[in-house]
Amino acid sequence: MPSASQTTSTTETSSTAGTKRGRPGYDQQSVLRIAVDVFNRHGYDATSMGILAENLGISKSAIYHHVPSKGDLLKLALDHALGGLEAILEQPEATSGAADARLEFVLRQTVAVLVDRLPFVTLLLRLRGNTEIERDALERRRTFDHKVAVLISAAREEGSLRADIDPRTVSRLLFGMINSIVEWYKPGGSLSPQRLADDVITMAFDGLHADA
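Structure report, in brief. (Residues numbered from 1 in each chain as written. Predicted model: local features only at pLDDT ≥ 70, side-chain atom pairs only at ≥ 80, totals over all residues. Heavy atoms only, no water.)

### Structural notes on the overall build of the protein chain
For the protein chain, the helix and strand inventory stands at 12 helices and zero strands. For the protein chain, the succession of helices and strands along the chain, N to C, is α-α-α-α-α-α-α-α-α-α-α-α. By the burial criterion, 43% of the 212 residues in the protein chain qualify as buried. In the protein chain, once contacts between residues fewer than 6 apart in sequence are set aside, the share between residues at least 24 apart is 67%. Surface summary for the protein chain: the accessible area is close to 11,000 Å², and the carbon and sulfur share equals 52%. (Helix = DSSP H or I, 4+ residues; strand = E, 2+ residues; numbered from the N terminus. Buried < 20%, exposed > 50% of the residue type's maximum accessible area, 1.4 Å probe, protein only. Contact = heavy atoms within 4.5 Å. Areas by Shrake-Rupley, 256 points an atom, 1.4 Å probe, with all protein chains shown as cover.)

### Remarks on the packing of helix α7 (residues 99-116) against helix α10 (residues 167-179)
One way to put it is that α7 packs onto α10 with a least axis distance of 11 Å and a crossing angle of 30°. Viewed along their axes, α7 and α10 adopt a mutual orientation that is roughly parallel. Between α7 and α10 lies a crossing whose hand is right-handed. Counting all contacts with α7, which are made through Leu107, Thr110, Val111 and Leu114, the residues of α10 involved are Leu174, Phe175, Ile178 and Asn179. (Axes fitted to C-alpha atoms, helices over the stretch in contact; angles between N-to-C directions. Parallel < 35°, antiparallel > 145°, perpendicular 65-115°, else oblique. Left-handed = near helix turned anticlockwise from the far one by under 90°.)

### A few points about the layout of surface pockets
Estimated volume of the largest pocket: approximately 480 Å³. What lines the largest pocket is a set of 18 residues, among which Arg162, Ile165, Val170, Leu174 and Ala204 lie closest to the centre. For the lining of the largest pocket, the secondary structure elements donating two or more residues are α7, α9 (132-158), α10 and α12 (193-206). In the lining of the largest pocket, the residues fall into 13 nonpolar, two polar and three charged. (1 Å grid on protein atoms, 1.4 Å probe; cavity = no way out; pocket = protein on both sides within 12 Å on 5 of 7 lines; lining within 4 Å. Points joined across faces, edges and corners; volume = space filled by probe spheres on them. Nonpolar A, V, L, I, M, F, W, Y, C, P; charged D, E, K, R; others polar.)

Interpretation note: all reported values are geometric properties and have no functional meaning in isolation.
This is the structure we're talking about:
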């Protein structure tokens, strides 16, 4: 979501991940970023503190200078992903105006957060709900999705969206499309985040039919 509301992206990175200092050469944020990469490659459940230490090039005991546990790393990562998404719904463009314009804004910003925080959102989308931390994160994500479904319903009632598809189905289809981006999008490639968001909006609102 690149627009006047880019406040949902890079500006929160340092505050969300933290700046707590520990062993020389690392701070909590850098440990977190490497941990998220390892979680995404091996799976959270299969990642031991030993695997994290090996990837960080430090001892397991040294990791505890930065975080109390592996679960705390997961919570920090999920808070970073979810915080970006939840902040979208608090922006003025998401809370006032025509419902279809608010929906477009939310979708654009969702794409922007996903691209800006790609490893963190990837981790969120791959959760299995095996721990309380994961279940809490999944509940927060369901709340976000529900609020978007309410927005879709409002746009339908205003007459700006077709009324023959259930809003919950529309929400699932929209986020199915957006969530798939984590599996194939390569930052820094020929497809810019802005163009990606434009393409998502075009697909969602106009479909694939060529203009007559």
